[in-house]
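These are the residues of each chain, in order.
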Amino acid sequence: MSDHDTAHPLFSPAELGKLELDNRVVMAPLTRIRAESDGTPTELMKEYYAQRASFGMIITEGTWPVQEGRTWGRQPGIETAAHVAAWREITDEVHARGGRIVLQMMHGGRISHPELTGTGRIVAPSEIASPNPIRISSGKVDGPVPHALTQEEIPEIIGQFVAGARNAMSAGMDGVQVHGANGYLIHEFLAPSSNTRTDAYGGSPENRARFAIEVVTAVAEAIGAENTGLRLSPEHNIQGALEEDREDVLTTYLALAEGLADLGLAHVEIVHHEPEGELVQALREGFGAPLILNTGFSRFSTRDTAFGLIDRAGAAAVSVGRSALANPDLVQRWREDGPLNDPDPETYYGGGAKGYTDYPVLQRT
Ligand SMILES: Cc1cc2nc3c(=O)[nH]c(=O)nc-3n(C[C@H](O)[C@H](O)[C@H](O)COP(=O)(O)O)c2cc1C
């Protein structure tokens, strides 16, 4: 361990909106599928998040604001009084340990199934099914053709995001991160492959950015922009949300940035494999908000990649997924350049304490 590394800004405090972080290592949103079947968080989830309170900030797993936005059974919600009460226990415990916790609010859009949504339908910008199978109680099935939201229905969906955000703040969250990444509802509007609308919400890049702008603006008006963040994954090309024309991507996401820049968001988190490249750097300038960076599934986050994101890509903080899952005390381990536990993919989604709350902390001699 060199003094230089220990003193790296990654381990120094940062301000994200009104939030003061003890360090710049953020736990990335990680779906773990261990809530009750009605979406209520559990005691085990409380233990899991509490174990990770030394991260500069925790972003929770994707959490549905409304059951129609649910993607998996046993994914948590933030819709009912029971959800709010259970999340409140989690936020209290994280805060008691000096941590910060922000709820990722996720509407799955077409990455779902009527069995999960409770409304007899799944919704999306256009009637285009997910190319990937969907997991339901009987196993994996073809993605159903979604209901294309009408212009009249869109304000109702936005209202559901707002209600979820208010609930998150009632549950004691330090803010909300709107999930605009990874091929779920907001990303389905942004990507031309999943949005073939011809009205004000489709067609041009500016129109495809409109839904995201309206959702984030409405959430920010309800709970304060200083409590509102946004996650994006341009060019991630995941779950059929394909963005393969760089010019179109730049125009779309810069329109989004322009639509949101004046709000003063708490953070924008960008997942991209080239964080120092043209696109991410244009968005960093365009949004003008504190930037959290993550290099995506293709590259495993390491201590060195984290240093690089701060030193060379302009990140205010770095989010870490798989290593955070496997190392509750990752910040200490990275600070000391200590050994790491390896994550076990077999226990990522669903199950109990195994591969969830039983990863050991660093042993002291
Ligand atoms: C088990 C698992 C669950 C994930 N769930 C979410 C999620 O709920 N929301 C989200 O935006 N990203 C999710 N991701 C993506 C991660 O936040 C992160 O971008 C990805 O793991 C790459 O970062 P890493 O190399 O540090 O793991 C998930 C990733 C994994 C491995």
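Above: the structure in question.
A few points on the structure. From a predicted model like this one, the values you see are computed outputs, not experimental measurements.

**Thoughts on empty space enclosed by the protein**
Here's step 1: Tallied over the entire structure, the rule returns one cavity of 30 Å³ or more.
Here's step 2: Around the largest cavity, the lining residues are Leu16, Leu19, Met57, Val102, Asp174, Gly175, Val176, Glu226, Asn227, Gly229, Ala266 and His267.
Here's step 3: Split into classes, the residues belonging to the lining of the largest cavity amount to six nonpolar, four polar and two charged.

**Considering the site of the ligand**
Here's step 1: Around the ligand, 20 residues are found, and the nearest of them are Thr31, Arg231, Ser301, Gly321 and Arg322.
Here's step 2: Pro29 places a polar main-chain atom, nitrogen or oxygen, 2.8 Å from an oxygen atom of the ligand.
Here's step 3: A distance of 2.7 Å separates an oxygen atom of the ligand from a polar backbone atom of Gly321.
Here's step 4: Isolated, the ligand exposes 610 Å² of accessible area, and the fraction of that covered by the protein chains is 97%.
Here's step 5: Residue classes in the shell around the ligand are distributed as eight nonpolar, nine polar and three charged.

**As for the environment of Tyr48**
Here's step 1: Within the secondary structure, Tyr48 sits in helix α2 (residues 43-51).
Here's step 2: A C-alpha to C-alpha distance of 9.9 Å links Tyr48 and Val94, two positions 46 residues apart in sequence.
Here's step 3: Aside from chain neighbours lying at most four places away, what touches Tyr48 is Met27, Leu30, Arg32, Tyr356 and Thr357.

**Quick notes on the sheet that holds strand β3 (residues 25-27)**
Here's step 1: Around the barrel, which closes on itself, the eight strands sit in the order β3-β4-β5-β10-β11-β12-β13-β14 with parallel pairing between neighbours. For this sheet the average axis-to-axis angle between neighbouring strands, irrespective of direction, equals 25°.
Here's step 2: Across two bridges, strand β4 (residues 57-59) lies against strand β5 (residues 101-105) in parallel orientation. Across the sheet, residue Ile58 finds its bridge partner in β5, namely Ile101.
Here's step 3: Relative to the sheet, helix α9 (residues 278-287) contacts β11 (228-232), β12 (267-271) and β13 (291-294), its axis offset from that of β12 by approximately 170°.

**Thoughts on the pattern of salt bridges**
Here's step 1: Applying the stated rule across the entire model yields 14 salt bridges.
Here's step 2: Between Glu89 and Lys46 there is a salt bridge, with its nearest N and O atoms 3.1 Å apart. On the criterion of sequence distance, the pair formed by Glu89 in helix α3 (residues 81-96) and Lys46 in helix α2 is long-range, its members being 43 residues apart.
Here's step 3: Through salt bridges with shared partners, a single ionic network connects Glu43, Lys46 and Glu89.

**Some thoughts on the layout of surface pockets**
Here's step 1: What the largest pocket holds in volume is close to 1,100 Å³.
Here's step 2: Along the walls of the largest pocket sit 43 residues, with Thr31, Trp72, Tyr184, Phe297 and Tyr349 positioned nearest its centre.
Here's step 3: Within the residue set of the lining of the largest pocket, elements represented by two or more residues are α4 (114-117), β7 (134-136) and α11 (322-326).
Here's step 4: Taken together, the residues of the lining of the largest pocket break down into 19 nonpolar, 16 polar and eight charged.

Calculation notes
- Residues numbered from 1 in each chain as written.
- Predicted model: local features only at pLDDT ≥ 70, side-chain atom pairs only at ≥ 80, totals over all residues.
- Heavy atoms only, no water.
- 1 Å grid on protein atoms, 1.4 Å probe; cavity = no way out; pocket = protein on both sides within 12 Å on 5 of 7 lines; lining within 4 Å.
- Points joined across faces, edges and corners; volume = space filled by probe spheres on them.
- Nonpolar A, V, L, I, M, F, W, Y, C, P; charged D, E, K, R; others polar.
- Near = heavy atom within 4 Å.
- Polar contact = N/O pair within 3.5 Å; in protein donor to acceptor, adjacent residues only side chain to side chain.
- Areas by Shrake-Rupley, 256 points an atom, 1.4 Å probe, with all protein chains shown as cover.
- Helix = DSSP H or I, 4+ residues; strand = E, 2+ residues; numbered from the N terminus.
- Contact = heavy atoms within 4.5 Å.
- Pairing = 2+ DSSP bridges.
- Axes fitted to C-alpha atoms, helices over the stretch in contact; angles between N-to-C directions.
- Salt bridge = Lys/Arg side-chain N within 4 Å of Asp/Glu carboxyl O.

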